[in-house]
Amino acid sequence: MATVFISCGQRGSERKIAEKIASLLTKHFSLSAYLAFKVQSLDDIMIITKKLRSSDYYLFIDFRRRRRHIHPEDLSVSLFTHQELALAYNVGFTDMIALCQKGSGREGFINYILSNPEIFTSEKNLYAKVKKLVKEKGWSKKFSRNLALSNVEFSGWIPFQDHIGGFWENVYKISVRNKRPDMAAVRTLCSLNHIVLPDGSKLESPDKNYLKWAWQIGFSKTILPQDEGTIDLFAIRHAEPGIFLHSQKDFVRLPVVKENGTYEFCYTLFAEGFPITHFKIAINLNWIPNPSNNTKDWLCKTTAKLKEVVF
């Protein structure tokens, strides 16, 4: 389900109105909504910033306010929402909806970012405007500004050949889908950033070269609108314990980890025009000697799964 970041003030009835709009978006359009309330610390601000980056749509509401007589220096606008508006523009929201209450001052970032915001006159009129604009813009629960990840899991034992040599490998793959109908994910790249070891310590990746896309020659891919690609995240070999990468590295590949244990592999995914995506794969590496023969073959009981995606 696509997420709408709702940016508006919290004074008086403003918060309740925002909550009603969130319910409206869910009821009529099956969209989830995030309301940036209760900002009390730097940690709160960082959470809001992450939510903004990971949201798919942006809805800005500027309520009319009157300056308080007790504190005449008070702004007639919500300073925090104007800062969110500037950040939304900076992180690439181009299909935003902006509404300003009639009589509200054209102050702050509105003068620079919003050339023609929609004007509403009352609470009832605001709800009607939101429904109308969301429908006109075609906001959909299936849309995402971010590249979507889903498990493909292990390939099973297959022959793999590259410039280093040939091996029997079991390759762990992940699917990357571009849910946008209007934009290709050009030059999509993925690399292993770091590894969390069984004792909890962090190891910088011994190989940060770009990883190979499955079923093609090359380490960069353009994912067309509403299409997907598959990345070889790592591989295990039939006759050699450890975890190996299918990377752009042009000399002998050594395992990035070799000892049995539980690891987190932390990757970064890039594409032109899309937010950077960080994701983790939880891996339980488990190799045991094969008791049925006296060769160097091993039995692999390794498991892996997508654990976390962070934008």
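Going by the structure above, here's the rest.
None of these values were measured; they are calculated from a predicted model.

### What to know about the sheet that holds strand β5 (residues 118-120)
Pairing in this open sheet of 5 strands is parallel, and the strands run β2-β1-β3-β4-β5 from one edge to the other. Only two strands of the sheet have a single partner each, and these edge strands are β2 (32-35) and β5. Strand-to-strand twist of the sheet, defined as the mean angle between neighbouring strand axes without regard to direction, takes the value 25 degrees. Relative to β2, helix α1 (residues 14-29) is tilted by about 160 degrees, and along the sheet it contacts β1 (3-7), β2 and β3 (57-62). Lying on the sheet, helix α5 (residues 123-137) is in contact with β3, β4 (97-101) and β5; it crosses β5 at an angle near 155 degrees.

### Side note on unusual backbone geometry
Its identity is not glycine, yet R187 carries a phi of approximately 55 degrees, on the positive side. Relative to the assigned elements, R187 resides in strand β8 (residues 185-196). Under the relative-accessibility criterion, R187 is labelled partly exposed at 42%. Notably, Q226 is not glycine yet its phi reads approximately 60 degrees, a positive angle.

### Thoughts on the side chain of S7
Secondary-structure assignment places S7 in strand β1. The contacts of S7, once residues within four sequence positions are left out, are Y58, L59, F60, I61, T81 and E84.

### Here we look at the sheet that holds strand β6 (residues 148-161)
Read across the sheet, 3 strands follow the order β6-β7-β11 without closing on themselves; strand pairing throughout is antiparallel. The open sheet is flanked by β6 and β11 (227-237), the only strands paired with a single partner. Averaged over all neighbouring strand pairs, the angle between strand axes comes to 25 degrees, with direction disregarded. Sheet topology note: the β6/strand β7 (residues 166-178) ladder contains 11 bridges and is antiparallel. Bridging from a neighbouring strand, P159 pairs with W168 of β7.

### Here's the deal with the pattern of salt bridges
Scanning the entire structure with this criterion turns up 14 salt bridges. For E19, the salt bridge identified is with R15, shortest N-O distance 3.5 Å. Remark: R15 and E19 occur in helix α1; sequence separation between them is 4 residues, near one turn of the helix. K280 serves as the salt-bridge partner of E308, at 3.4 Å between the closest nitrogen and oxygen. Pair noted here: E308 is in strand β16 (residues 303-310) and K280 is in strand β13 (residues 277-285), with a separation of 28 residues, a long-range link.

### Quick word on α5
Within an α-helix, residues lying three or four positions from one another point in the same direction, as the helix has 3.6 residues per turn. In a regular helix each residue adds 1.5 Å, so 15 residues correspond to 21 Å; α5 covers 21 Å between its end C-alpha atoms and thus fits that length. When we look at burial in α5, the residues that qualify are L126, Y127, K129, V130, L133 and V134. The buried residues of α5 occupy an angular sector of 160 degrees when the element is viewed end-on, so they sit on one face. Of the exposed residues in α5, those oriented more than 90 degrees away from the buried face are K124, K135 and E136. Buried residues in α5 make contact with α1, β3, β4 and β5. G138 occupies a position one or two residues after α5 and carries a positive phi of about 70 degrees.

### Overview of the pairing of β7
Remark: 4 residues form the turn of the hairpin made by β6 and β7, two consecutive strands paired antiparallel; G165 in that turn has positive phi of roughly 155 degrees. Taken together, the 10 bridges between β7 and β11 define a ladder with antiparallel strand orientation. In the strand pairing of β11, Y172 is matched with F234.

### Points about the nonpolar core
Core analysis: the biggest nonpolar cluster contains 32 residues, and L233, F234, F265, Y267 and I281 have the highest contact counts within it. Only β7, β8, β11, β12 (261-272) and β13 provide two or more residues apiece to this core. Among the elements that take part in this core, β12 stands out by supplying 5 residues, more than any other. Listed in part, the 27 residues of the second largest apolar core include V4, I6, A18 and Y127.

Each value, and the rule that gives it
- Residues numbered from 1 in each chain as written.
- Predicted model: local features only at pLDDT ≥ 70, side-chain atom pairs only at ≥ 80, totals over all residues.
- Heavy atoms only, no water.
- Pairing = 2+ DSSP bridges.
- Helix = DSSP H or I, 4+ residues; strand = E, 2+ residues; numbered from the N terminus.
- Axes fitted to C-alpha atoms, helices over the stretch in contact; angles between N-to-C directions.
- Contact = heavy atoms within 4.5 Å.
- Buried < 20%, exposed > 50% of the residue type's maximum accessible area, 1.4 Å probe, protein only.
- Salt bridge = Lys/Arg side-chain N within 4 Å of Asp/Glu carboxyl O.
- Expected span 1.5 Å × (residues − 1).
- Arc of directions from axis to C-beta.
- Core = buried A, V, L, I, M, F, W, Y, C linked by side-chain atoms within 4.5 Å.

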